[in-house]
Amino acid sequence: MSDRRTFAIISHPDAGKTTLTEKLLLTGGAIHLAGEVKARGQARRARSDWMKIEQQRGISVTSSVMTFEREGITFNLLDTPGHEDFSEDTYRTLTAVDSAIMVIDAAKGIEPQTRKLFEVCRLRSVPIITFVNKVDREGRPVFELLDEIADMLALDVSPQAYPVGMGGEFEGVLDFATGCVARPEGPSKEFTGTRDCDPAIPERFAEEIELAQIGYPEFDLEAYRNGDLTPVYFGSALKNFGVTELIEAIAKYAPPPRPQPAGDEQIAPDHNEVTGFIFKVQANMDPNHRDRIAFMRQVSGTFKRGMKLTPSGLGKPVAIHSPILFFAQDREVADTAEPGDIIGIPNHGTLRVGDTLSEKNAIRFTGLPNFAPEILRRVALVDPTKTKQLRKALDDLSEEGVIQVFYPEIGGQWIIGVVGQLQLDVLISRLSAEYKVEARLEASPFATARWIKGDEKAMNEFEKFNLSNLAKDRDGDLVFMAKSPWDVNYQQEKNPDLTFSATKER
Ligand code: G4P
């Protein structure tokens, strides 16, 4: 069995994802002082202007990879952007993990963003471990929380721990497996390692605890791995409760690298060649160097530095000389990597999101779609001589998945599309900070877009009559720009030989 655990944390903003990430890294020995995740974030922000958005809104726009090792297991934690807008970037990150931790605020229960991200995990049968956070504060009753998770997500819940009181009454967290209570200590009431394994449980909690143990399904590894059951842990990321138990649960239960779909095939980790797919591209990580890093999720084989792999988008092999592994505090050049690992491949725009990399160039991984944009805007240059720079910037940013670009068949004004408003802010500030292009966004006559497909005759016919509503995306595929959702339905009915698709897979 593989010793890799590649996972992400999903949550609504403020539930405690950053705090928990930091504590997981601390417990995993990857960092040594609390505050480092944030501190590192601040150093990054100082370097790049557009990160100001992160600061202003208190959110994380970029996603990164953090690797740490503990007791023989290598954990690859992929950070998903936690803002309110659903973004393609988040979706794609979740295509690269084998499991997820769902963090819930004990006072709030399931919030909208948790739910959306959960749905994405379900689509891909990504198993979930639940962590109910902030039990050191006043929260909702435990049974109410458990039942809400079960009802709202249509999932069996299996509690593995129980908070002995919350807020002012908080006396620690009981771990069902060992029967020990992790106790708060000192003036800050943190967990510093003291476990009481012969605990006297106050009368008023005893009945509840018994009910939690017998009233819910027992943990079942298969049901969890199928995505039908979630083990539920209670704790406090801030005060260190439940963090070790969580890491141990991932080590013990979370699936090792899973096979990935490639059309009708499933490519397993023991497949006889190195394969992987690009789920994220990030340009200008360091504005002083126009570097661009493609993040590859390795699916099979043992990767060795210098190896030649063929990207599906390019057709000819490239030698991967300086692959990067991402440790919490450092980047390291990787000499070898295994299935489940994420390696960063520096490149000059040859690698794109959705590309498969392989030795024999015979496999194409599927399931990394683009989504039809819900907001469309025209980009207007403040300085019209900057057309070339604008095109380059839009190309880069669409490659990263920040935006999509559409080139209308008639007229020269490019249209950009995004799934959420935040992406527009990111666009404008990055254009200015990284490309020195000042631009404005203007209303576009279109409300949404659909990729169209059909036989040549039907396509030609449609093009003839709808030229002013057609554009090409950056791959040259034809897109119908619709004025309203009604418009899409109308055209679909009128042209039954064509398909109008809201997603596109490369
Ligand atoms: P996010 O990444 O999910 O958005 O959440 P983050 O970790 O930034 O946590 C949001 C707020 O919740 C922070 O407070 C954080 O300190 C607090 N928090 C996280 N885990 C716990 C917990 O277990 N118990 C309690 N009581 N609070 C917790 P903040 O005041 O917004 O930020 P800060 O100034 O403390 O950094």
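In the annotation of an unreviewed UniProt entry, the chain is listed under the name Peptide chain release factor 3 and assigned to Erythrobacter aureus. According to its UniProt record, the chain has this under Sequence similarities (unreviewed entry): "Belongs to the TRAFAC class translation factor GTPase superfamily. Classic translation factor GTPase family. PrfC subfamily." A UniProt comment under Function (unreviewed entry) is attached to the chain, and it reads "Increases the formation of ribosomal termination complexes and stimulates activities of RF-1 and RF-2. It binds guanine nucleotides and has strong preference for UGA stop codons. It may interact directly with the ribosome. The stimulation of RF-1 and RF-2 is significantly reduced by GTP and GDP, but not by GMP."

(A) Structural detail: the pattern of salt bridges. Scanning the model with the defined rule gives 23 salt bridges in all. Taking the shortest distance from any N to any O, the salt bridge between Glu 71 and Arg 70 comes out at 3.8 Å. The exposure class of Glu 71 is exposed, given its relative accessible area of 67%. We note a salt bridge from Arg 140 to Glu 144, for which the minimum N-O separation is 2.9 Å. The exposure class of Glu 144 is partly exposed, given its relative accessible area of 40%. Beyond isolated ion pairs, a larger network of salt bridges with shared partners links Arg 352, Asp 473, Asp 475, Asp 477 and Lys 504.

(B) Quick peek at the state of the cysteines. Applying the stated criterion across every chain yields a total of one disulfide. Paired through a disulfide, Cys 180 and Cys 197 show a sulfur-sulfur distance of 1.9 Å. Its S-S torsion of about 100° marks the bond between Cys 180 and Cys 197 as right-handed, since a negative value means left-handed. Of this pair, Cys 180 sits in the loop between strand S8 (173-175) and strand S9 (181-182) while Cys 197 sits in the loop between strand S10 (195-196) and helix H7 (203-214); the two residues are 17 residues apart in sequence, bridging distant segments of the chain. Residue class for Cys 180 comes out buried when judged on its relative accessible area of 8%.

(C) Layout of the packing of aromatic side chains. On inspection of all chains with the given rule, the structure shows 16 aromatic pairs. Judged by centre distance (6.5 Å) and plane angle (85°), the rings of Phe 7 and Phe 75 are edge-to-face. Placement of Phe 7 in strand S1 (residues 4-11) and of Phe 75 in strand S3 (residues 73-78) is noted, with a sequence separation of 68 residues between them. For the pair Phe 7 and Phe 75, one class covers both residues: buried. Through pairs of rings, three or more aromatic residues link up here, namely Phe 143, Tyr 162, Tyr 216 and Phe 234.

What counts, and where the lines are drawn
- Residue positions are given per chain, counting from 1 as you read along its sequence in written order.
- It should be noted that, the model being predicted, local features are given only for residues of pLDDT at least 70 and side-chain atom pairs only at 80 or more, the latter also being counted only at that level, while totals for whole chains, interfaces and linings use all residues.
- As a convention, hydrogens and water are excluded, and side-chain values are obtained from all of the structure's heavy atoms.
- UniProt positions are given in the numbering used here, feature names are shortened, and annotations may be inferred rather than shown by experiment.
- The rule for a salt bridge is simple: a side-chain nitrogen of Lys or Arg has to be within 4 Å of a carboxyl oxygen of Asp or Glu.
- Here's how the labels work: a residue is buried when its accessible area is under 20% of the maximum for its type, exposed when over 50%, partly exposed in between, all with a 1.4 Å probe on protein chains only.
- Sulfur atoms of two cysteines make up a disulfide when they are within 2.5 Å.
- Under the scheme used here, helices are H or I runs from DSSP no shorter than 4 residues and strands are E runs no shorter than 2 residues, and both carry numbers assigned from the N terminus.
- Each Phe, Tyr or Trp ring (for Trp, its six-membered ring) is paired with any other whose centre lies within 6.5 Å, and the angle between the two planes then decides the class: stacked below 30 degrees, edge-to-face above 60, tilted in between.

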